[in-house]
Amino acid sequence: MSQNPDKPHSSEEKLSGLEDGQEESLDNPDQSIRKRIRQGAPGSHRDDTPKSSPPRPVSIEELMETAKGVTNMALAHEIVVNGDFQIKPAELPEHSLEKKVRDIVHKAFWDCLEAQLKEDPPTYDHAIKLLGEIKENLLSFLLPGHTRLRSQITEVLDLDLIKQEAENGALDISKLVEFVIGMMGTLCAPARDEEIKKLKDINEIVPLFRAIFSVLDLMKMDMANFAVSSIRPKLMQQSAEYERKKFQEFLEKQPNSLDLVTRWLQEAADDLAKLRCKMLPPHCSGDGATGGASALCSTAVQNQAYLKLLKWDHVNRPFPETVLMDQTRFQEIQLELEQLLLTGTVLLVTFSAAGSALVDMPGFAEKIKTIVKVLLTGMHLPSFNLQESLATIGEKVCAEVNSCLSQHGFAPFSAERETGLKGQIQAAANPDNTISKLIDSRIEKFLENYLASSHQKSLPAIPGGLGPIQRELEEIAVKYVRLVNYNKMVFSPYYDAVLGKILTKGESQLVGKSEES
């Protein structure tokens, strides 16, 4: 189908709008919507933009509804995928208008409370309202079985009785506050014991009330995070269905929302077919293409596609739609693997140069890894100079090698061997470096094997030469495969549908070639 030159949105612009919405909607949905609308203006088309029919016009109301769906989907996804996810209190920018207004309102409230308590006789209207809010907060922390605590809170913080005591001048607010602090100490997490202890050192009522509400906010945050961690295992299946539903709604509004996925999977199928053709015996070369392509299956192509995400050009190429929400995570894994590749290369050339003397030396590999990690910090920043860093790494590694050799009674490196090792380490900056390419191919093979056996309990065997970086590689692999498996859980119906067409088309072309021959 030919591309419409008057199409209002290119596929890349549409994808960019969805990506921005996912990154910004949790913080400011309205701002992300305005940004999407601005991006709706006609734009230029790249030659590699997938060809598709133009999307139907979308109203502002539909766009608002879609943005809300993306917000909820992103939140559910974050809870399930990010094991360290925590709800945190909102912090307004220091000099923002919102913060100034909030501070002014809060100050006015607390000043009013202080003025009431200084009256003769004191007025307790505001204080009683605060006690009522504190009572509701304390009750909200209780579980159904906490009947005794519930009775205590209800009895001591009986607002009707407190009002009568205030009217008769018999209210002892300090005693009530003391009960509140004690109950907070009973209900709070151990991490809040220090905050509770500080409350007992505050003698003035108004600052004490402010501090109590501050700690209650922290306790509510703790309670929410505990609930999130408790429901995460049960949430995974529901979240996958929810994300699939929301993506389907988006797909119905933007019918070309799988263009990039289609191109991504097509490239993976082509790569896998070429790879399998190379692996065929020489006498099968005449039917190599047929043999390579006919052996493809949906799972293998999907795994190959996920491996391609670890070599992605994030600057010049948009991410496939179905993995867009995890682009940052895949990019982080990609950067970790690039650093691990250099670390593995340095270790391999170092052990090769030193021979068997250092291979089994306790702690040596860890020292080298620490040196490399420190000196490669920021290696993906534009200002980072890899050649200079590798030169410094070479100096440090040679010094460490000579130190360890001397400590264990071996002769240190000669100047010639030092120069050779430094040169090999600096050569790792070259993308065509033989050792780096070897390490890279073995890392990729390990990840490929792990993807293929991800439902098994045991990890695949570590390829030769990767032993010194086994722990780091396995940590990355676990994180990577968890991300991949959840993405498959959500989007496998879409992948199966797209690959069904791709693989059927490939088989039809092969049958045609066979008949012609």
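Criteria and cut-off values
- Residues numbered from 1 in each chain as written.
- Predicted model: local features only at pLDDT ≥ 70, side-chain atom pairs only at ≥ 80, totals over all residues.
- Heavy atoms only, no water.
- Helix = DSSP H or I, 4+ residues; strand = E, 2+ residues; numbered from the N terminus.
- Buried < 20%, exposed > 50% of the residue type's maximum accessible area, 1.4 Å probe, protein only.
- Contact = heavy atoms within 4.5 Å.
- Areas by Shrake-Rupley, 256 points an atom, 1.4 Å probe, with all protein chains shown as cover.
- Phe/Tyr/Trp six-rings, centres within 6.5 Å; stacked < 30°, edge-to-face > 60°.
- Axes fitted to C-alpha atoms, helices over the stretch in contact; angles between N-to-C directions.
- Parallel < 35°, antiparallel > 145°, perpendicular 65-115°, else oblique.
- Nonpolar A, V, L, I, M, F, W, Y, C, P; charged D, E, K, R; others polar.
- Core = buried A, V, L, I, M, F, W, Y, C linked by side-chain atoms within 4.5 Å.
- pLDDT = per-residue confidence, 0-100.
- Patch = residues over 30% accessible without salt bridge, like charges linked within 9 Å, V, L, I, M, F, W, Y side chains within 5 Å.
- Salt bridge = Lys/Arg side-chain N within 4 Å of Asp/Glu carboxyl O.

The subject of this paragraph is the overall build of the chain. A count of helices and strands for the chain gives 19 helices and zero strands. The proportion of buried residues among the 517 residues of the chain is 41%. Excluding contacts between residues fewer than 6 apart, the proportion of contacts in the chain whose partners are at least 24 apart in sequence is 72%. By element, 54% of the accessible surface of the chain is carried by carbon and sulfur atoms, the whole surface being about 28600 Å².

Summed over all chains, the structure comprises 13 aromatic pairs. Centre to centre, the rings of Phe-109 and Trp-110 are 5.1 Å apart; their planes meet at 80°, and the pair counts as edge-to-face. Overall, Trp-110 belongs to the buried group, its relative accessible area being 10%. With a centroid separation of 5.4 Å and 85° between ring planes, the pair formed by Trp-312 and Phe-319 is classed as edge-to-face. Among the residues examined, Phe-319 registers a relative accessible area of 1% and is labelled buried. By the ring-pair criterion, three or more aromatic residues cluster together here, those being Phe-247, Trp-264, Tyr-306, Phe-491, Tyr-494 and Tyr-495.

Positionally, Ala-365 belongs in helix H15 (residues 364–375). The spatial distance from the C-alpha of Ala-365 to the C-alpha of Ile-469 is 8.8 Å, given a sequence separation of 104 residues. The contacts of Ala-365, once residues within four sequence positions are left out, are Leu-347 and Phe-351.

Two elements in contact, helix H11 (residues 259–279) and helix H13 (residues 298–308), have axes whose closest approach is 8 Å; the angle formed by their N-to-C orientations is 105°. With respect to each other, H11 and H13 are oriented roughly perpendicular. For the pair formed by H11 and H13, the contact residues are Trp-264, Leu-265, Glu-267, Ala-268, Ala-269, Asp-271, Leu-272 and Arg-276 on the first element and Ala-300, Val-301, Gln-304, Ala-305, Tyr-306 and Lys-308 on the second. Tallied by class, the residues present in the contact of H11 with H13 amount to nine nonpolar, one polar and four charged.

For the rest of this paragraph, the subject is the nonpolar core. Ranked by size, the top nonpolar core spans 81 residues in total, and within it Trp-264, Leu-265, Tyr-306, Phe-330, Leu-358, Leu-447 and Tyr-480 carry the most contacts. When residues of this core are assigned to their parent elements, the largest contribution, 16 residues, is made by helix H19 (residues 470–516). Not counting the four nearest positions on each side in its chain, Phe-330 is found in contact with Tyr-306, Leu-309, Leu-310, Phe-319, Val-323, Tyr-480, Leu-483 and Val-484. Within the second largest apolar cluster, 38 residues are counted, among which are Leu-117, Tyr-124, Cys-188 and Ala-211.

On to the confidence of the model for the chain. Regions with low pLDDT carry predicted coordinates that are not meant to be interpreted in detail. Residues of the chain with pLDDT of at least 70 account for 79%, and the chain-wide mean is 80. Every residue in residues 1–56 is under pLDDT 50, and counting partners more than four places away or in other chains gives 96 contacts. Contacts for the low-pLDDT stretch residues 284–293, under 50 throughout, to residues beyond four places or in other chains number 13 contacts.

For the rest of this paragraph, the subject is the environment of Leu-75. Mapping Leu-75 onto the fold places it in helix H3 (residues 60–81). Leu-75 sits 10 residues away from Phe-85 along the chain, and the two C-alpha atoms are 10.0 Å apart.

A negative phi holds for most residues other than glycine; trans holds for most peptide bonds. Note that the residue after Asp-120, namely Pro-121, is joined by a cis bond; omega there is 0°. For Pro-121, the position within the fold is in the loop between helix H4 (97–118) and helix H5 (125–140).

Moving on, we get to a nonpolar patch on the surface. Together, Leu-97, Val-101 and Val-105 give the surface a local cluster of nonpolar side chains, amounting to about 290 Å² of exposed area. Tracing the backbone through its elements, the reader meets Val-101 in helix H4. Residue class for Val-101 comes out partly exposed when judged on its relative accessible area of 44%.

Attention now moves to the side chain of Gln-304. The residue Gln-304 is located in helix H13 in this model. We classify Gln-304 as buried; its relative accessible area is 12%. When near neighbours in sequence (up to four residues on either side) are disregarded, Gln-304 contacts Ala-268, Asp-271 and Leu-272.

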